[in-house]
Amino acid sequence: MPVRRRRQDEAGSPEIEELAALADGSLSPDRRAVLEARVAASPELADRLAEQQRALALTRSAAAEVEAPATLRTRIERERSPRRASRPRRLVLAGAFAATATAAAALAIGLAVFGSSTSGERFQAALAPTELAPGAGGEATLTKTNSGWRIELDAGGLPRLEGGRFYEAWLRDTSGVLVPVGTFNEGRKVTLWAGVSPKDFTTLTVTREQADGDQASSGEKVLVGTVDTRD
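Just so it is clear, the structure is predicted and the values come from calculations on it, not from any experiment.

Parameters and conventions
Residues numbered from 1 in each chain as written. Predicted model: local features only at pLDDT ≥ 70, side-chain atom pairs only at ≥ 80, totals over all residues. Heavy atoms only, no water. Helix = DSSP H or I, 4+ residues; strand = E, 2+ residues; numbered from the N terminus. Buried < 20%, exposed > 50% of the residue type's maximum accessible area, 1.4 Å probe, protein only. Contact = heavy atoms within 4.5 Å. Areas by Shrake-Rupley, 256 points an atom, 1.4 Å probe, with all protein chains shown as cover. Polar contact = N/O pair within 3.5 Å; in protein donor to acceptor, adjacent residues only side chain to side chain. pLDDT = per-residue confidence, 0-100. Pairing = 2+ DSSP bridges. Salt bridge = Lys/Arg side-chain N within 4 Å of Asp/Glu carboxyl O.

Would you explain the overall build of the chain in this entry?
The helix and strand tally for the chain stands at six helices and eight strands. For the chain, the α and β elements follow one another from N to C terminus as α-α-α-α-α-α-β-β-β-β-β-β-β-β. Classification of the 231 residues of the chain by burial places 36% in the buried group. Sequence separation of at least 24 residues holds for 58% of the intrachain contacts in the chain that already meet a minimum separation of 6. Roughly 13700 Å² of accessible area belongs to the chain as shown, and the carbon and sulfur atoms make up 52% of that amount.

What exactly am I supposed to notice about the side chain of Ser-42 here?
Checked against the element boundaries, Ser-42 lands in the loop between helix 3 (29-41) and helix 4 (43-65). One polar contact links the side chain of Ser-42 to the main-chain amide nitrogen of Leu-45, over a distance of 3.2 Å.

Hey, could you run me through the confidence of the model for the chain in this one?
Parts of the prediction with low pLDDT should not have their coordinates interpreted in detail. Of all residues in the chain, 68% attain a pLDDT of 70 or more, and the chain-wide mean is 79. Low pLDDT (under 50) marks residues 1-12, which in the prediction has one contact with non-local residues, meaning those over four places away or in another chain. With pLDDT under 50 throughout, residues 111-115 is counted as low confidence; its partners more than four residues away or in other chains account for three contacts.

Just to check I follow, could you spell out the environment of Lys-221 for this structure?
Topologically, Lys-221 is positioned in strand 8 (residues 221-228). We classify Lys-221 as partly exposed; its relative accessible area is 33%. C-alpha separation for the pair Lys-221 and Thr-205, spaced 16 residues apart in sequence, amounts to 6.8 Å. The residues contacting Lys-221, other than those within four sequence positions of it, are Thr-130, Leu-132, Arg-172, Val-206 and Thr-207.

Quick question: what am I supposed to make of the pairing of strand 2 (residues 137-145) here?
The two faces of a sheet get side chains in turn, since along a regular strand they alternate between them. Here strand 2 pairs with strand 3 (residues 148-156) via nine bridges, running antiparallel. Note that in strand 3 the partner of Gly-138 across the bridge is Ala-155. What sits between strand 2 and strand 3 in their antiparallel hairpin is a turn of two residues.

In this structure, what is going on with unusual backbone geometry? I would like to understand it.
Excluding glycine, most residues fall at negative phi; most peptide bonds, likewise, are trans. One non-glycine residue, Lys-189, lies in positive phi territory at about 50 degrees. Mapped onto the fold, Lys-189 is located in the loop between strand 5 (178-184) and strand 6 (190-194). On the basis of relative accessibility, which here comes to 77%, the residue Lys-189 falls in the exposed class.

Would you take a moment to explain the pattern of salt bridges for this structure?
Pairs can form between side chains of opposite charge whenever their charged atoms are close. Across all of its chains, the model carries 11 salt bridges by this definition. Linking Glu-162 and Arg-160 is a salt bridge whose minimum nitrogen-to-oxygen distance equals 3.2 Å. Between Glu-186 and Arg-160 there is a salt bridge, and its shortest N-O distance comes to 3.5 Å. Here Glu-186 is found in the loop between strand 5 and strand 6, whereas its partner Arg-160 is found in the loop between strand 3 and strand 4 (165-172), with 26 residues between them in sequence. Under the relative-accessibility criterion, Glu-186 is labelled partly exposed at 39%. One connected set of salt bridges, linked through shared partners, spans Glu-121, Lys-144 and Lys-199.

Hey, could you run me through helix 2 (residues 16-24) in this one?
Since one α-helical turn is 3.6 residues long, residues separated by three or four positions face the same way. Helix 2 sits mainly inside the fold: eight of its nine residues count as buried. Within the sequence span of helix 2, burial applies to Ile-16, Glu-18, Leu-19, Ala-20, Ala-21, Leu-22, Ala-23 and Asp-24. Gly-25 occupies a position one or two residues after helix 2 and carries a positive phi of about 85 degrees.

Explain the environment of Glu-51 here, please?
On the secondary structure map, Glu-51 appears in helix 4. Residues Glu-51 and Ala-23 lie 28 residues apart in sequence; the distance between their C-alpha atoms is 9.2 Å.

Here you go:
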């Protein structure tokens, strides 16, 4: 008898799939009226329905913010379908939201890569040490992209600077005009960006700087090199 009562209790409680179907409007009209009456009389069911509605809202919001590929949108809509009853609807909604969020991140990364696509122009610069850092040295690769010139610097022999001290890289033209291209703490695998062409600003230097409010170069050069722009 206790087992039979437990089964009756379970049968009398609406399935989570039906709550999810009620949340997204796919529940049949005859079941909708019955379930809405139960939800109105049960704070617990009302909380479960609200949980499904929040999950659905998050899923739709993420899908609206990201113009995902048509195949992915089709897959998400399929996951929402009431025919997919092989697992709890709550997990289906959560899975769809996770897939959409992942797609959003992937699309954002793809757009960033596309926005910085290369034009084929790429130059090299060998960096020599100065008397301030006699054991230092490195090289830089300068690649033209839609966003500007990406400078990939790899330098060794430079002690890490911190506590308000840092390194700053510059491009300089023949008249001595300096354009800052980025700051860093140590020289291994640094990515810098320039809005001017290394074909005009052919000298690449690295200086030691202090966060003192003065944006001008300190003149404390630790690395100097010339960009090789020959075809």
